[in-house]
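A closer look at the structure
What follows is each chain in one-letter form.
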Amino acid sequence: MSSPKETRPLVIYVDDEVPNRNVFLATFGHEFRIKVAESAEEALKVMHGDTVGVVLADQRMPNVTGVDLLTRVKELHPDALRVLVTAYTDQEPIVQAVNRVQIDRFIPKPWDNREMEALLAGAVDTYFMRLKVKELELNLIAAQRSEVLGRLAANLVHDMANPLAAITANVERLRYGERYFRAIAEKGGNGGGAEEIEVVSELPELAKDLEQSTQYLTQLVNGIREHWRPVGADDGEADPKAVVEFSKKMVMTRARS
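Counting from 1, residues in each chain are numbered in the order their sequence is written. This being a predicted model, a pLDDT of at least 70 is required before a residue's local features are given, and a value of 80 or more before pairs of side-chain atoms are given or counted; all residues contribute to the totals for chains, interfaces and linings. With hydrogens and water set aside, each side-chain value is computed from the structure's full complement of heavy atoms.

Some thoughts on the packing of aromatic side chains
Rules: Aromatic rings from Phe, Tyr and Trp, taking only the six-membered ring of Trp, are treated as a pair when their centres fall within 6.5 Å; an angle between ring planes under 30 degrees marks them as stacked, one over 60 as edge-to-face, and anything in between as tilted. In this description a helix means any DSSP run of H or I spanning at least four residues, a strand means any run of E spanning at least two, and both kinds are numbered starting from the N terminus. Exposed residues in this analysis have more than 50% of their type's maximum accessible area, buried residues have under 20%, and partly exposed residues fall in between, with area computed by a 1.4 Å probe over protein chains only.
On inspection of all chains with the given rule, the structure shows 5 aromatic pairs. Consider the rings of Y13 and F24, whose centres lie 4.4 Å apart with planes at 10 degrees: the pair is stacked. On the criterion of sequence distance, the pair formed by Y13 in strand 1 (residues 10-14) and F24 in helix 1 (residues 18-28) is long-range, its members being 11 residues apart. Just as Y13 is buried, F24 falls in that class too. For the pair F24 and W111, a centre-to-centre distance of 5.9 Å together with 85 degrees between the ring planes defines the contact as edge-to-face. With F24 in helix 1 and W111 in the loop between strand 5 (105-108) and helix 5 (113-176), this pair connects stretches of sequence that are 87 residues apart. Accessibility classification places F24 together with W111 in one group, the buried group. Each member of the aromatic cluster is reached from another via a ring pair, and the members are Y13, F24, F28 and W111.

Thoughts on the environment of A80
Worth spelling out the cut-off: Pairs of residues are marked as contacts when any of their non-hydrogen atoms sit within 4.5 Å.
Within the fold, A80 resides in the loop between helix 3 (66-76) and strand 4 (81-86). A80 sits in the buried class, given a relative accessible area of 0%. On a C-alpha basis, the gap between A80 and F128 in space is 9.9 Å, while along the polypeptide they are 48 residues apart. Apart from the residues lying within four places of it in its own chain, the contact partners of A80 are V52, G53, V73, D104, Y127 and R130.

What to know about unusual backbone geometry
Across the chain, the bulk of peptide bonds are trans and the bulk of non-glycine residues have phi less than zero. The omega angle of the peptide bond from K109 to P110 is -5 degrees, so this bond is cis rather than trans. Here P110 shows up in the loop between strand 5 and helix 5. Of note, N63 is a non-glycine position whose phi angle comes to about 70 degrees, a positive value. You can see N63 is positioned in the loop between strand 3 (52-58) and helix 3. Residue N63 is classed as exposed on the basis of its relative accessible area of 76%.

A look at helix 1
Definition in use: The arc in question is the one traced by the directions running from the helix axis out to the C-beta atoms.
Every buried residue of helix 1 is accounted for by N20, R21, F24 and F28. The arc that holds the buried residues of helix 1, viewed along the axis, is 100 degrees, so those residues lie on one side. In helix 1, the exposed residues that point more than 90 degrees away from the buried face are P19 and A26.

Thoughts on helix 2 (residues 40-47)
For helix 2, the set of buried residues is A40, A43, V46 and M47. Each buried residue of helix 2 lies within a common arc of 120 degrees when the element is viewed along its axis, so the set occupies one face. The inward-facing, buried residues of helix 2 contact strand 1, strand 2 (34-37), strand 3 and helix 3. The first or second residue beyond helix 2 is G49, which carries a positive phi of 80 degrees.

Structural notes on the pattern of salt bridges
Operational definition: What makes a salt bridge here is a side-chain nitrogen of Lys or Arg within 4 Å of a carboxyl oxygen of Asp or Glu, nothing more.
Under the criterion given, the structure shown has 9 salt bridges. Note that K35 and D50 form a salt bridge whose closest N and O atoms lie 3.9 Å from each other. Of the two residues, K35 sits in strand 2 while D50 sits in the loop between helix 2 and strand 3, which places them 15 residues apart along the sequence. With a relative accessible area of 38%, K35 lands in the partly exposed category. The class of D50 is partly exposed, set by a relative accessible area of 22%. The partner of R105 in a salt bridge is E115, and the shortest N-O contact between them spans 4.0 Å. Of the two residues, R105 sits in strand 5 while E115 sits in helix 5, which places them 10 residues apart along the sequence. One network of salt bridges, in which partners are shared, links D15, D58 and K109.

Next up, the structure:
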């Protein structure tokens, strides 16, 4: 085991017999980060706030049995491996442990030192493997969520492109006729009333506002298209200038007002 001892998960051995605890700690304490406890209550206190990798519990303990303790461990430390230590003749506790607690292993007393050391080494490795699998699962979920959002964004861009193109064309038409609007307003609307004159005089400003709104939406669509590219697209380094320019355009309309 190459990782520093202080970075390894905690191995807890719970047994109400002092000689068993002392032998366990003396035999395996140099290789693993171990704490021992004489009861379930003490074990739960030792586990609190620590990274628990393996819990070995003797079945025959007063007040709380090993199966009961491992049941609590499953609730409080679901990633910890649970090992029941029991005599060969205790078949019923083993069945209970498998059915209720879904223990990872059971080992008979008295244990063989080489078997116990191999069990502990494998249990610690399995603990790290479980954490890695959980991390990979979370990363996969995040990647799937990102892909779904990317598809939704692509559909949104596609649906908005055509209306924006039509609006842009109409804005260009309004901008083209701006000088005619002003001429009509200045001439009094060719005999039109005050309300008609007022509406005509507002058309250039309305065209300007519409153009700014269209530009804002177009920039938003382009930004979505750029930042939500299809999966598998080239993920090169971002151009800081492009990011700043996009951000500036996004807030320009609000800044003006």
